[in-house]
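# Descriptive analysis of the structure
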Amino acid sequence: MAQCSRLMFMRVFLIILYPYTLQLSSFHLPMNTRITHKFVMKSRPTKDGLCPIYLRAILQGKKIEIATSVMIPSGDWMEDKQRVRKRNFESEKHNMVLDAFDKKALKCILNNFVNDDQPLTLQQFRESMLSNGQADDNSFTDYLMAYLDDNKARLRPESYSSYKSQITKMLKFKNPILFSDVTERFIFEYQDYMSQKLNNNENTISKSLRSLRTFVNIAMRYGHIKANPFKYVPIKRVDGKRDFLSMEEVNVLSTCYYGSEKLSPMEREILRYFLFSCYTGLRYSDLKSLNVSAIRDGCINLKMHKTSHIVSIPLSHKATQLIPENVNDMLFRVYCNKVTNRVLKQVGAKCGIEKKLTCHVARHTFATISISIGIPIEVISKLLGHTNLRTTQVYAKIVDSVKKREMEKWNLV
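Basis of the calculations
- Residues numbered from 1 in each chain as written.
- Predicted model: local features only at pLDDT ≥ 70, side-chain atom pairs only at ≥ 80, totals over all residues.
- Heavy atoms only, no water.
- 1 Å grid on protein atoms, 1.4 Å probe; cavity = no way out; pocket = protein on both sides within 12 Å on 5 of 7 lines; lining within 4 Å.
- Points joined across faces, edges and corners; volume = space filled by probe spheres on them.
- Helix = DSSP H or I, 4+ residues; strand = E, 2+ residues; numbered from the N terminus.
- Nonpolar A, V, L, I, M, F, W, Y, C, P; charged D, E, K, R; others polar.
- Axes fitted to C-alpha atoms, helices over the stretch in contact; angles between N-to-C directions.
- Left-handed = near helix turned anticlockwise from the far one by under 90°.
- Contact = heavy atoms within 4.5 Å.
- Salt bridge = Lys/Arg side-chain N within 4 Å of Asp/Glu carboxyl O.
- Expected span 1.5 Å × (residues − 1).
- Buried < 20%, exposed > 50% of the residue type's maximum accessible area, 1.4 Å probe, protein only.
- pLDDT = per-residue confidence, 0-100.
- Parallel < 35°, antiparallel > 145°, perpendicular 65-115°, else oblique.

### Quick look at empty space enclosed by the protein
Following the criterion strictly, the structure yields 1 cavity of 30 Å³ or more and no others. Its volume calculated, the largest cavity comes out at about 50 Å³. Considering the residues around the largest cavity, the lining is formed by Y273, F274, S277, Y284, L287, T340, L344, C359 and A362. Those elements giving two or more residues to the lining of the largest cavity turn out to be α9 (265–280), α10 (284–288), α12 (337–351) and α13 (359–372). Considering each element in turn, the lining of the largest cavity owes the most residues, 3 residues, to α9. Considered class by class, the residues forming the lining of the largest cavity number 7 nonpolar, 2 polar and no charged.

In structure tokens form, the structure reads like this:
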């Protein structure tokens, strides 16, 4: 009895409201920016002989389809009226579902027309239709965590971990963070928090703000944040201090590797691939995945892990001498980054190198020494696998010997 009363109430409600939904569908938008929608029945039935009904949205010749829960025999669909025939014993329930989809679609399109400057995209329409309608009150960070998990296969493991840690860092500043919290004021307060409470340097703050801007762009793309809070927020990018070794210091380490009895087998093993990186410019991630098959005709040929950029690096005699013999698979046994850097610190102390040795110091060393000995910066850029020459030019700024050598040319004229 209660079920009958509820169905009767919904029938009366729809009879009263439906004419208004038809009026809503006729509001005017420029034809080339307006999303239109209708229901379509899939012609291929399921094993039960039922055909699913989808909501199809169309914009500028492109379309998306969103599944409804309605499944009916093909003969029970009225294409002209966009509803289920009354002869279907569940027609009332099915048509109520379709009415709900119709109203939500119209509300989504109308809200965009009234409140937003930019036309609604098909992706935003889909997100709105699949959401529970409470985006502004939902957690910004929960949404980002779910987004990262959904797109984990597309992201590099380093990017995935970095984004996760940036979200954790934001939550230490404020928890929870709602979509409505993410404003220009929030950005400046977060910036002050990193500077004053965490004592982060400018580069660390800049990296965190760039990550936050990426998160905001994702939320804006799917309609969860309307106005861009970064519109008037500049993000500084300062070239950080890049430690590197001189050729003399590299030679000291090389002498220790070949002749010193101070080093343990593990220290010599790690120093071997550190020196190999000094002579080739390979990143730690590329060293770790470097296979014997990548060495062909006296060159390293590989796709770089970070950029997917394919590089070919001719091997110098010093680099070739460091390649282990009788290796079948990976060229080096590369320890985890933390262990490698800890052991390199011990190696530096034993060899009398005062600078802090890390995996990336080797790459910086290759770049700066290459500039110092006169290799053209365009060639160095290719060897390092940089996609932008400006990235390589950073090294040219810090090599004083090159400046002196070049200025000596004035004494010859």
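### Looking at the packing of helix α8 (residues 247–259) against α9
Running from amino to carboxyl end, α8 crosses α9 at an angle of 145 degrees, the nearest separation of the two axes being 10 Å. Pair α8 / α9 crosses with left-handed handedness. Contacts between α8 and α9 involve M247, V250, L253, S254 and Y257 on the former and, on the latter, R268, L271, R272, F274, L275 and Y279. Residues that form the contact of α8 with α9 fall into these classes: 8 nonpolar, 1 polar and 2 charged.

### Comments concerning the pattern of salt bridges
On inspection of all chains with the given rule, the structure shows 13 salt bridges. As a salt-bridge pair, K42 and E65 come within 2.5 Å of each other at their nearest N and O atoms. Taken as a pair, K42 in the loop between β1 (36–41) and β2 (51–59) and E65 in strand β3 (residues 62–72) lie far apart in primary sequence, 23 residues in all. When the shortest N-O distance is used, the salt bridge between R156 and E158 registers 3.5 Å. Connected via shared salt-bridge partners are K42, R56 and E65.

### A closer look at helix α5 (residues 157–173)
If you check α5, its first and last C-alpha atoms are 25 Å apart, about what 17 residues at 1.5 Å a residue would give, namely 24 Å. Those residues of α5 not exposed but buried are S159, Y160, S162, Q166, I167, K169 and M170. Buried positions along α5 lie against α4 (140–150), α6 (184–197) and α7 (202–221).

### Observations regarding the confidence of the model for the protein
In this model, the protein carries an average pLDDT of 84, and 87% of its residues clear a pLDDT of 70 or more. This model gives residues 1–7 a pLDDT under 50, and the stretch forms 2 contacts once residues within four places in sequence are excluded. For residues 9–27, every residue scores under 50 in pLDDT, and the model assigns this stretch 18 contacts once sequence neighbours within four places are set aside.

### A closer look at the packing of α9 against α12
Each packed pair of helices is defined by two parameters, the angle between the axes and the distance between the axes. As a packed pair, α9 and α12 sit with axes 9 Å apart at the nearest point and diverge in direction by 100 degrees. The orientation of α9 with respect to α12, classified from their angle, is roughly perpendicular. Across from M266, E267, I270, L271, Y273 and F274 in α9, the residues of α12 making contact are V339, T340, V343, L344, Q346, V347 and K350. Class assignment of the residues belonging to the contact of α9 with α12 gives a composition of 9 nonpolar, 2 polar and 2 charged.

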